[in-house]
Amino acid sequence: HLQRGSGDGSGSWLVHLEGGGWCSTVKDCSGRRMSVLGSSNFMKPLQFTGHGIFDSDEIYNPDFYNWNKVYVRYCDGASFAGDAEGQAQDGTTVYFRGLRIYEAVIGELMEKGLANATQVLFTGCSAGGLATILHCDDFSARFPQQVSVKCFADAGFFLDVKDISGERSFWSFYNRVVQLQNVRQVLHKDCLANKDPTECFFPTELIKSIRTPMFILNSAYDSWQIQNVLLPTSSSPEKSWLSCKDNIGNCNSTQIKVLDEIRNTMINDLKVINDKADWGMFIDSCFTHCQTLFRISWSSPTSPRLGNKNIAKVVGDWYFGRSQGVKEIDCEYPCNPTCNSLPPP
């Protein structure tokens, strides 16, 4: 979906990769074929009004309101990275073509004016945030050096942590995605030389070798990760965890300690960013997932704030170099009152 820019934004481009999880078995991926996450046959037009970084209202989106805005739909189930085939139970072939889709989309956008851009922001949320991290250097290499190209991953910093039963169930899930869909081609060569391909699919490893300036936006108490990485159904969480899983406000002090450990892992994994002068981050402690696509979290009087700045301001300051070292990390939950206005995920 393309919305043309105007005025002094007509040479600037925002390219956003949609999220929507992953599929790790032929059966799962076959199930997605008959939905918006598996075929454009089911996709409908989008309305961008009031949608955070896509907002055309200068008041709510002062830095990007008049840019060319692209929303790239997601239908491959491997963060635009796979290239393989599989046999479904009914005998039909399932084609995993995420990498070719990415190549074709970027190629078409180049023809539609992206090739002449003067400044570009490459973004994505959730599985699209991971896709942004995976493709960041490849994307920026397609432009002349004088073009300002930066990457911005929202809620894409997925952690390799054990679930509540002590299993690395999310690692195993990613491992199946990597094998089934053959995502090896997009993984960084220096990581593959030393580590298992599945480890190289995690942002913790990916960010070590990315050269393009990048901004990481994530909650340290990411609701999707708490619900699916820490507390997947396979870990058989007990009743008290189920209410905590639905709403962090229901968690007891012992459970909060477990969530704090996940936060500490994320902050530790992000330490490499401190040495990258042109990188930025906004790590809040709100129980949420994906904060760029909604006005309430992106830029409104009740948006989450760090250092008294909302996400839109911090990202704009980072992109345009208006302030040095834009790296904001929140205190532990429940210390930030500006989280309170966000609706439950």
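Our subject is the structure that appears above.
Here we summarise the structure given alongside this text. These numbers come from a predicted model, not from an experiment. (Residues numbered from 1 in each chain as written. Predicted model: local features only at pLDDT ≥ 70, side-chain atom pairs only at ≥ 80, totals over all residues. Heavy atoms only, no water.)

1. Description of the sheet that holds strand E1 (residues 2-3)
Here eight strands make up an open sheet; going across it, the order is E1-E3-E2-E6-E7-E8-E9-E12 and the pairing mixed. Both outer strands of the open sheet, E1 and strand E12 (327-329), are each paired with one neighbouring strand and no more. Of the strand pairs in this sheet, strand E2 (residues 12-17) and strand E6 (residues 119-125) are connected by six bridges, and their pairing is parallel. Bridging from a neighbouring strand, Trp13 pairs with Val120 of E6. Taken strand by strand, helix H3 (residues 127-140) contacts E2, E6, strand E7 (148-154) and strand E8 (214-219), and its axis lies near 150° from that of E6. (Pairing = 2+ DSSP bridges. Helix = DSSP H or I, 4+ residues; strand = E, 2+ residues; numbered from the N terminus. Contact = heavy atoms within 4.5 Å. Axes fitted to C-alpha atoms, helices over the stretch in contact; angles between N-to-C directions.)

2. Remarks on the nonpolar core
Formed by 74 residues in total, the largest nonpolar core has its most connected members in Trp22, Leu114, Phe139 and Ile216. Of all the elements, H3 adds the most residues to this core, at seven residues. Judged by nonpolar contacts, the second largest core, of 25 residues, contains Ile53, Phe215, Trp318 and Tyr319. (Core = buried A, V, L, I, M, F, W, Y, C linked by side-chain atoms within 4.5 Å. Buried < 20%, exposed > 50% of the residue type's maximum accessible area, 1.4 Å probe, protein only.)

3. Things to note about the side chain of Asn66
Counting through the fold element by element, Asn66 comes out in the loop between helix H1 (26-32) and strand E3 (68-72). Note on Asn66: relative accessible area 8%, which makes it buried.

4. A word on the packing of helix H8 (residues 239-246) against helix H9 (residues 253-269)
Where H8 contacts H9, the two axes come as close as 11 Å, and the packing angle between them is 60°. Judged by the angle between their axes, H8 and H9 are oblique. Note that H8 runs across H9; the crossing there is right-handed. The residues of H9 that touch H8, namely those facing Ser240, Trp241 and Cys244, are Gln255, Val258 and Leu259. Partitioning the contact of H8 with H9 into residue classes produces four nonpolar, two polar and no charged. (Parallel < 35°, antiparallel > 145°, perpendicular 65-115°, else oblique. Left-handed = near helix turned anticlockwise from the far one by under 90°. Nonpolar A, V, L, I, M, F, W, Y, C, P; charged D, E, K, R; others polar.)

5. Looking at H8
Along H8, the residues classified as buried are Trp241, Cys244 and Lys245. Here the buried residues of H8 occupy an arc of 105° about the axis, which is enough to place them on one side. For H8, exposure combined with an orientation more than 90 degrees from the buried face picks out Lys239 and Asp246. (Arc of directions from axis to C-beta.)

6. Focus: the pattern of salt bridges
Applying the stated criterion across every chain yields a total of 16 salt bridges. Ionic pairing is found between Arg142 and Asp138, a salt bridge with its closest N-O pair at 2.9 Å. A residue is classified by how much of its surface remains accessible, and Arg142, at 30% relative accessible area, is partly exposed. One salt bridge in this structure joins Arg322 and Asp317, with 2.8 Å as the shortest N-O distance. Residue class for Asp317 comes out buried when judged on its relative accessible area of 2%. (Salt bridge = Lys/Arg side-chain N within 4 Å of Asp/Glu carboxyl O.)

7. Side note on unusual backbone geometry
Of the consecutive residues Tyr333 and Pro334, the connecting peptide bond is found in the cis state with omega at 5°. Among the secondary structure elements, Pro334 is positioned in the segment after E12. Within the chain, Ser126 stands out as a residue other than glycine whose phi angle is a positive 60°.

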